[in-house]
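Examination of the molecular architecture
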Amino acid sequence: DHLGCDRVILSHTGGHIDTSETCSHVSIARVLIQRVETRLLHRLLGYLYKCPLVRIMQDTGQMKVNHKSDAVPSFVTNENLQRIPIVCFVHANIPSREIVQHCRNYGVVCRACKFLSSERLWEELDVKDGGVVRFSFAHYNTLEEIESSIHVLEMMYGWL
């Protein structure tokens, strides 16, 4: 149902589609997919930034690692955020592998490892043996799934 798909896309993007900036269906699809993924990223990153024991690993132009600040950085709330929908983090007190196992017990899919990176990188970032927790999602995921994932994380003893 074409109209049904349009309603889903409009609900994910907040109903704002500017087709004047694109000239093909593929370009429109790419823009819509990016908007959906960005909305999901904003929610998960926004939540994780508020967790005092979580350290988010990300490239902000010059491989910087967030060691917490009071404000949510502008690159989290930036409407033009362009990145793949992957979020990696470590928790100060809970090993990454335990977080992943807890999530799996509740049907949340994520992974923990070092993801083809060198030992030197992980030493410099002060990441221990279990590596980082990685959430990967795409345009077919929903905000409800992100909310559910957040709820599962909050259920862990010692999370907050």
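For the structure, check the block above.
Structure report, in brief.

Thresholds applied
- Residues numbered from 1 in each chain as written.
- Predicted model: local features only at pLDDT ≥ 70, side-chain atom pairs only at ≥ 80, totals over all residues.
- Heavy atoms only, no water.
- Axes fitted to C-alpha atoms, helices over the stretch in contact; angles between N-to-C directions.
- Helix = DSSP H or I, 4+ residues; strand = E, 2+ residues; numbered from the N terminus.
- Parallel < 35°, antiparallel > 145°, perpendicular 65-115°, else oblique.
- Left-handed = near helix turned anticlockwise from the far one by under 90°.
- Contact = heavy atoms within 4.5 Å.
- Nonpolar A, V, L, I, M, F, W, Y, C, P; charged D, E, K, R; others polar.
- Core = buried A, V, L, I, M, F, W, Y, C linked by side-chain atoms within 4.5 Å.
- Buried < 20%, exposed > 50% of the residue type's maximum accessible area, 1.4 Å probe, protein only.

Digging into the packing of helix H2 (residues 25-49) against helix H6 (residues 143-154)
Interhelical geometry of H2 versus H6 gives an angle of 15 degrees and a closest axis separation of 9 Å. Accordingly, the angle class assigned to the pair H2 and H6 is roughly parallel. Considering the relative orientation of H2 and H6, their crossing is right-handed. Contacts from Arg39, Leu40, Arg43, Leu44 and Tyr47 in H2 reach Leu143, Ile146, Glu147, Ile150 and Glu154 in H6. When its residues are assigned to classes, the contact of H2 with H6 shows six nonpolar, no polar and four charged.

A word on the nonpolar core
Leu48, Phe89, Ile99, Phe135 and Trp159 are the most contacted members of the largest nonpolar core, which has 29 residues in total. When contributions to this core are tallied by element, the ones reaching two or more residues are H2, strand E1 (54-57), strand E2 (86-91), helix H4 (96-105), strand E4 (132-136) and H6. In terms of residue count, H2 provides more of this core than any other element does, eight residues in total. If we ignore the near neighbours within four places in the chain, the residues touching Trp159 are Tyr47, Leu48, Cys51, Leu53, Val54, Phe89, His91, Ile94, Ile99, Leu153 and Glu154.

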